[in-house]
Amino acid sequence: MKTFDLEKFARPNVLAMKAYSSARDEYTGNEGIFLDANENPFPSAVNRYPDPYQRELKTELARIKKVREEQIIVGNGSDEVLDLIYRAFCTPGKDKVVTIKPSYGMYSVLAETNDVELVEVPLDADFNLDAAAVLEAAKDAKIVVLCSPNNPSGNLLNRNEVMKIVESFPGLVVIDEAYIDFSNGKSLLAELDAYENIFVSQTLSKAYGLAGIRVGLGFGSPKVIALLNKVKPPYNVNGLSQRFALARLNDMEKVTKEVLDILLERSRLLLEMKDHPLICKIYRTDANFILFKVDDANTMYDFFAENGVVVRNRSSQYNCENCLRVSVGTKTENDKFLEVLNEYNTTLKTK
Ligand code: PMP
């Protein structure tokens, strides 16, 4: 097993501190008259604080993801999980994080919020990862953040390249797998027991259809999870979300069916968009969205919006000039997207 030197990489003040102890930490039983947490005693579905460690949810997640409960942290979206990582490992004004570009915008927002230097290593023109370049940039960094499948490009990063970084970088390698359920590639979760420096973040916002209840997942070595637990607010995942998430995890057949439907629609969209006269390039996708290049993204974006279809203009991102990103919707929604695309073609021809 590759070990991770937590004492060297965690913030010294976080290492030294004691976690806040909530009322629900100090008495965990379900029976009794609870006069310990200053709650309103009149019973309702939500008058009591929720489980601060989301134990029931973790039991289900451990079963589904084939990990141990002590390897899991649950956050208010994976955005919160990523924020906890920055806050637990990076001293403001001193430490450095390395990531790739283009990638998910929150990595730089979190760096700025936490006053952490962020070095963005470019992917190549087809959005492939260069492990050697990342390792070179990460010589004095605390964390490397990789996104696979990557947003906004959509592609899964080459596993050998990712593993080169995991093998050689002594700090924490965070792999954001928000879109992994739409990919044929294997999650890095399978390597968690072999590499203490791997941290995988996932979410129930995408494939699991629960963006509205904000449940994000972090998986890492138990000592990394224990460190993050010290920093997280005690009741960071509310009771309604915990219950709702549990119900969804108990119906994995439905989740699997929806993912399959999305993948079928993705294939159909790719087929319809292939060789389309207005599309210059479609990038490989392992996610539930498609990035494509056109001649004039701003004008096409406006045309879509005027016709009731909202896509994302990613033109301002590195190497994404004139690129639009479309999420895979329902069959009806995708039909409308294709219809507007064809209408735009007709409009151009008659101009
Ligand atoms: N990671 C990536 C790559 C994302 O695209 C997103 C959402 N767009 C997130 C993380 C955050 O997801 P959530 O906070 O909903 O779990």
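In case you missed it, the structure is sitting above this.
So, here is what we can say about the structure in this document. Not measured: the values here are computed from a predicted model.

Cut-offs and rules
Residues numbered from 1 in each chain as written. Predicted model: local features only at pLDDT ≥ 70, side-chain atom pairs only at ≥ 80, totals over all residues. Heavy atoms only, no water. Salt bridge = Lys/Arg side-chain N within 4 Å of Asp/Glu carboxyl O. Helix = DSSP H or I, 4+ residues; strand = E, 2+ residues; numbered from the N terminus. Pairing = 2+ DSSP bridges. Axes fitted to C-alpha atoms, helices over the stretch in contact; angles between N-to-C directions. Contact = heavy atoms within 4.5 Å.

1. Some thoughts on the pattern of salt bridges
For the structure on display, the rule yields 24 salt bridges. Across the salt bridge formed by K164 and E161, the nearest N and O atoms sit 2.6 Å from each other. Taken together, the residues K164 and E161, both in helix α8 (residues 159-168) and three residues apart, mark about one turn of the helix. Because the salt bridges share partners, they merge into one network encompassing R24, D36, E39 and R48.

2. Section: the sheet that holds strand β6 (residues 198-203)
Spatially, the seven strands line up as an open sheet ordered β1-β7-β6-β5-β4-β2-β3, and their pairing is mixed. On the outer flanks of this sheet lie β1 (72-75) and β3 (117-122), each paired with one strand and no other. Across the sheet, the axes of successive neighbouring strands diverge by a mean angle of 20°, strand direction being ignored. Here six bridges tie strand β2 (residues 96-101) to β3, and the two strands are oriented parallel to one another. By the bridge assignment, T99 is partnered in β3 with E120. Sitting on the sheet, helix α9 (residues 222-231) touches β1, β5 (172-176), β6 and β7 (216-219), and the angle it makes with β1 is about 30°.

3. With respect to the environment of R314
With respect to the helices and strands, R314 occurs in the loop between β10 (312-313) and β11 (323-327). Taking the C-alpha atoms as reference points, R314 and S241, 73 residues apart in sequence, are found 31 Å from one another. Among all residues touching R314, those that are not within four sequence positions of it are P152, L291, C320, C323 and R325.

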